[in-house]
Amino acid sequence: MGIIFDIQRCSYHDGPGIRTTVFLKGCQLRCAWCHNPESFLKRPQLQYISRLCMDCRTCASACPRGVHRFENDLHLVRFLDCSGCGLCAASCPGQALKLLGREMSASQVMETVLRDRSFYEASGGGVTFSGGEPTTQPEFLLKLLGLAKKEDLHTCLETNGYIPEALLSKLLPLTDLFLLDYKLTDAQELYQHTGASGGLWQNTLSTLQRWQIPVILRLPVIPGINDTPQHFAQAARIKRTHPCVQKIELMPYHSMGRAKWEQLGMRYPLGSLPDASPDQTEGWQAFLDGLLKTS
Ligand code: SF4
Ligand code: SF4
């Protein structure tokens, strides 16, 4: 069994063709711009949407751990004390409480994935495993990839690249394409904004190069954080020196995940940072194209 927080059918942005993207819960990083903060923990998590709350206080009676408290007309939720049992969400009449993440077996997941086989065949698509960081559920991920390969599906793995060598060597024969994040070039800033450190990312890329496994390098464009010429120049250098990198995709920052951070009881680290505009993203794309053309 593993923990999944979403399965998106008919996905067009996570690899070639029409795909189903399976989102596994759990991530070892804490990127400040993450738009899927419900993926951080490897267990079901409670979401509280205050605008839907009817102040009926049923949740306070339902919860065995005293997580919901009402003081001075305020509904206080002590998220840290929540075990994720889901009792309050099941009894909430306003749909203000939701339990995000559910246990599924690999064959249950594949049952959903295989419903769209004809679309994959017609479009050159397949299945993508994403997160969170899917490699934080290693046994479950290997099982899913193995089942997908048995069905002869094209497989993509969307990853931050911080994969232990022993696990990576097991993933290689089962994965057709890696969608590999490249977040920040400066090591100190990388640690500050994501919590990532160490040489595992470079090791992953070198191994993929050695095995000649196709890679799409994915760059989030976060205004004021990583949108510097040095960073994009380094991405271009990586592509030049690693022929396994087929292309670079820019992923413009959007703040749609902001509300979710608060609904999960966390402070959003980027405050009111505006979205990356289409002009900004196109500008960086042109800069990158120029560098790649001259190389
Ligand atoms: S049960 Fe739902 S609607 Fe009622 S107080 Fe709790 S969160 Fe609000
Ligand atoms: S999910 Fe369970 S432990 Fe968490 S607040 Fe609801 S009833 Fe309480």
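Note that this is a predicted model, so its numbers are computed, not measured. (Residues numbered from 1 in each chain as written. Chains lettered and ligands numbered in written order. Predicted model: local features only at pLDDT ≥ 70, side-chain atom pairs only at ≥ 80, totals over all residues. Heavy atoms only, no water.)

Draft legend 1. Seen up close, the sheet that holds strand 1 (residues 2-11). Ordered by their spatial adjacency, eight strands build an open sheet running 7-1-2-8-9-10-11-12, and the pairing between neighbours is mixed. In this open sheet, the two strands that pair with only one neighbour each are strand 7 (102-104) and strand 12 (245-252). The average angle at which neighbouring strand axes cross in this sheet is 30 degrees, direction not considered. Pairing analysis gives four bridges linking strand 10 (residues 177-181) to strand 11 (residues 215-221), with the strands arranged parallel. Paired with L179 across the strands is I216, a residue of strand 11. Together, strand 1, strand 2 (19-24), strand 7 and strand 8 (126-130) form the strand contacts of helix 3 (residues 106-114), whose direction differs from that of strand 1 by roughly 10 degrees. In the packing of helix 5 (residues 138-150) onto the sheet, the strands contacted are strand 1, strand 2, strand 7, strand 8 and strand 9 (154-159), and the crossing angle to strand 9 comes to about 155 degrees. (Pairing = 2+ DSSP bridges. Helix = DSSP H or I, 4+ residues; strand = E, 2+ residues; numbered from the N terminus. Axes fitted to C-alpha atoms, helices over the stretch in contact; angles between N-to-C directions. Contact = heavy atoms within 4.5 Å.)

Draft legend 2. The arrangement of the domain arrangement of the chain in detail. Along its sequence, the chain is organised into domain 1 (2-41 + 103-294) and domain 2 (45-100). The centre of domain 1, based on its C-alpha atoms, is set 32 Å off from the matching centre of domain 2. Surface buried jointly by domain 1 and domain 2 totals about 710 Å² across both partners, of which 56% is contributed by carbon and sulfur atoms. Contact with domain 2 buries surface across domain 1, with K25, Q263 and L264 losing the most and accounting together for 65% of the total. (Domains from an automatic or database assignment. Buried area = accessible area lost by both parts, 1.4 Å probe.)

Draft legend 3. Geometry of the side chain of R19. Considering the arrangement of structural elements, one finds R19 in strand 2. Here the side chain of R19 touches P16 through a polar contact of 2.8 Å, landing on its backbone oxygen. (Polar contact = N/O pair within 3.5 Å; in protein donor to acceptor, adjacent residues only side chain to side chain.)

Draft legend 4. Inspection of the packing of aromatic side chains at higher detail. In total, this model carries six aromatic pairs according to the counting rule given. Judged by centre distance (5.6 Å) and plane angle (50 degrees), the rings of F5 and F23 are tilted. In this pair, F5 is assigned in strand 1 and F23 in strand 2, connecting sequence segments 18 residues apart. Take F23: its relative accessible area is 9%, and that puts it in the buried class. Plain terms: the ring middles of W261 and Y268 are 5.6 Å apart, the flat faces sit at 75 degrees to each other, and that makes the pair edge-to-face. Aromatic rings pair up to connect F40, W261 and Y268 into one cluster. (Phe/Tyr/Trp six-rings, centres within 6.5 Å; stacked < 30°, edge-to-face > 60°. Buried < 20%, exposed > 50% of the residue type's maximum accessible area, 1.4 Å probe, protein only.)

Draft legend 5. Up close: the environment of S91. With respect to the helices, strands and loops of the structure, S91 is situated in helix 2 (residues 87-91). Residues S91 and L145, spaced 54 residues apart in sequence, show a C-alpha to C-alpha distance of 37 Å.

Draft legend 6. Inspection of unusual backbone geometry at higher detail. With an omega of 5 degrees, the peptide bond running from G131 to G132 counts as cis. Mapped onto the elements, G132 comes out in the loop between strand 8 and helix 5. Despite not being glycine, D73 shows a phi value in the positive range, around 65 degrees. Note on D73: relative accessible area 70%, which makes it exposed. The backbone phi angle of Q95 is positive, close to 60 degrees, even though this residue is not glycine.

Draft legend 7. How the structure looks around helix 9 (residues 229-241). End to end, helix 9 covers 18 Å across 13 residues, agreeing with the expected 18 Å (1.5 Å per residue, within 8%). Inspection of helix 9 places H231, F232, A233, A235, A236 and I238 among the buried residues, and these make up the whole buried set. The inward-facing, buried residues of helix 9 contact helix 8 (200-211), strand 11, strand 12 and helix 11 (278-294). (Expected span 1.5 Å × (residues − 1).)

Draft legend 8. Structural detail: the site of ligand 1. The immediate surroundings of ligand 1 are formed by 14 residues, with C53, C56, R57, C59 and C92 found nearest. When grouped by side-chain class, the residues that make up the shell around ligand 1 number ten nonpolar, two polar and two charged. (Near = heavy atom within 4 Å. Nonpolar A, V, L, I, M, F, W, Y, C, P; charged D, E, K, R; others polar.)

Draft legend 9. Region of interest: the packing of helix 9 against helix 11. Contact geometry of helix 9 with helix 11 gives a least axis separation of 10 Å together with a crossing angle of 40 degrees. With respect to helix 11, the axis of helix 9 lies oblique. Relative to helix 11, helix 9 is oriented so that their crossing is right-handed. Along its contact with helix 9, which presents P229, F232, A233, A236, K239 and R240, the element helix 11 presents W284, F287, L288, L291 and L292. Of the residues in the contact of helix 9 with helix 11, the class split is nine nonpolar, no polar and two charged. (Parallel < 35°, antiparallel > 145°, perpendicular 65-115°, else oblique. Left-handed = near helix turned anticlockwise from the far one by under 90°.)

Draft legend 10. Summary view of the site of ligand 2. Residues in contact with ligand 2 amount to 13 residues; listed here are only the nearest, C63, C82, C85, G86 and C88. In terms of residue class, the shell around ligand 2 is made up of eight nonpolar, four polar and one charged.

Draft legend 11. View of helix 8. The terminal C-alpha atoms of helix 8 lie 16 Å apart, and with twelve residues this matches the ideal 16 Å at 1.5 Å per residue to within 8%. The complete set of buried residues in helix 8 reads W201, T204, L205, T207 and L208. All buried residues of helix 8 lie within an arc of 160 degrees about the axis, which places them on one face of the element. Among the structural elements, helix 6 (165-171), strand 10, strand 11, helix 9 and strand 12 are those in contact with the buried residues of helix 8. Where helix 8 ends, the next residue or the one after it, Q212, has phi of about 55 degrees, a positive value. (Arc of directions from axis to C-beta.)

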